[in-house]
Amino acid sequence: GQNIDQPTEMTATEGAIVQINCTYQTSGFNGLFWYQQHAGEAPTFLSYNVLDGLEEKGRFSSFLSRSKGYSYLLLKELQMKDSASYLCAVSRYNQGGKLIFGQGTELSVKP
Amino acid sequence: EAEVAQSPRYKITEKSQAVAFWCDPISGHATLYWYRQILGQGPELLVQFQDESVVDDSQLPKDRFSAERLKGVDSTLKIQPAELGDSAMYLCASSLEQISYEQYFGPGTRLTVT
């Protein structure tokens, strides 16, 4: 089977940095994805990691450690519009493009 | 910018009634996914198509749910009869290929069963 864990909710201050962690246990791990989802809207793609290390894209960075089954999403210079749910998802080699999502982390950015 | 289209955006129905959702993927995307998202949870795959063929429907409750993609373009997901537990957001996504790393999601259909 597979298990993906991420915190249910987090709160941070505008302008600060926040790190959202995701741990996973799955056989045939291929890659890890982060999606952002605002309330009532569709998820939008943020990042994809298949190799160990840090991928930086503007204010957002994502890290993966395959040996530890661990990833994090780092958001810098937080803005109010970053308040959303952040979904961690994994893909497996033998399941095509199917994504297995965690429950999501609800991030609230306060002034 | 090309987008995945879904309709209706909202649907309220009584239990035991039939409902249908429609999805039009981004032009040229061979792979189409239907996900169900219960409030407070992540999306769960119901069915995956590659062109007109079903690749994975292992989590689709086949006694009441059906999905088709007859010409390998747009797709319909049907529930008959609807149950209270089916209340959720139904998301359609598409990607260029099966192993393509980026899936593009449509706006979803919010279903409420009363």
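Residues numbered from 1 in each chain as written. Chains lettered and ligands numbered in written order. Predicted model: local features only at pLDDT ≥ 70, side-chain atom pairs only at ≥ 80, totals over all residues. Heavy atoms only, no water.

Okay, the interface of chain B and chain A next. If you look at the interface, chain B gives 22 residues, while chain A gives 17 residues. A combined buried area of about 1500 Å² lies between chain B and chain A, and 58% of that area is made up of carbon and sulfur atoms. Linking chain B with chain A are one salt bridge, by the criterion used here. A salt bridge links Lys98 of chain A to Asp56 of chain B; its shortest N-O distance comes to 3.7 Å. At the junction of chain B and chain A, the tally comes to two residue pairs in polar contact (both at pLDDT 80 or more). Among the secondary structure elements, those contributing two or more residues to the side of chain B that touches chain A are strand E4 (31-37), strand E5 (44-50) and strand E9 (88-95) of chain B. Take the side of chain B that touches chain A: its biggest share by element is three residues, from E4 of chain B. Of the residues assigned to the side of chain B that touches chain A, the class counts are 10 nonpolar, nine polar and three charged. (Contact = heavy atoms within 4.5 Å. Buried area = accessible area lost by both parts, 1.4 Å probe. Salt bridge = Lys/Arg side-chain N within 4 Å of Asp/Glu carboxyl O. Polar contact = N/O pair within 3.5 Å; in protein donor to acceptor, adjacent residues only side chain to side chain. Helix = DSSP H or I, 4+ residues; strand = E, 2+ residues; numbered from the N terminus. Nonpolar A, V, L, I, M, F, W, Y, C, P; charged D, E, K, R; others polar.)

Residue and element names in this part refer to chain A. Relative to the helices and strands, Ser91 is located in strand E9 (residues 84-92). A C-alpha to C-alpha distance of 27 Å links Ser91 and Ser108, two positions 17 residues apart in sequence. Setting aside anything within four residues of it in sequence, one finds Ser91 in contact with Gly28, Phe29, Asn30, Gly31, Phe33, Lys98 and Leu99.

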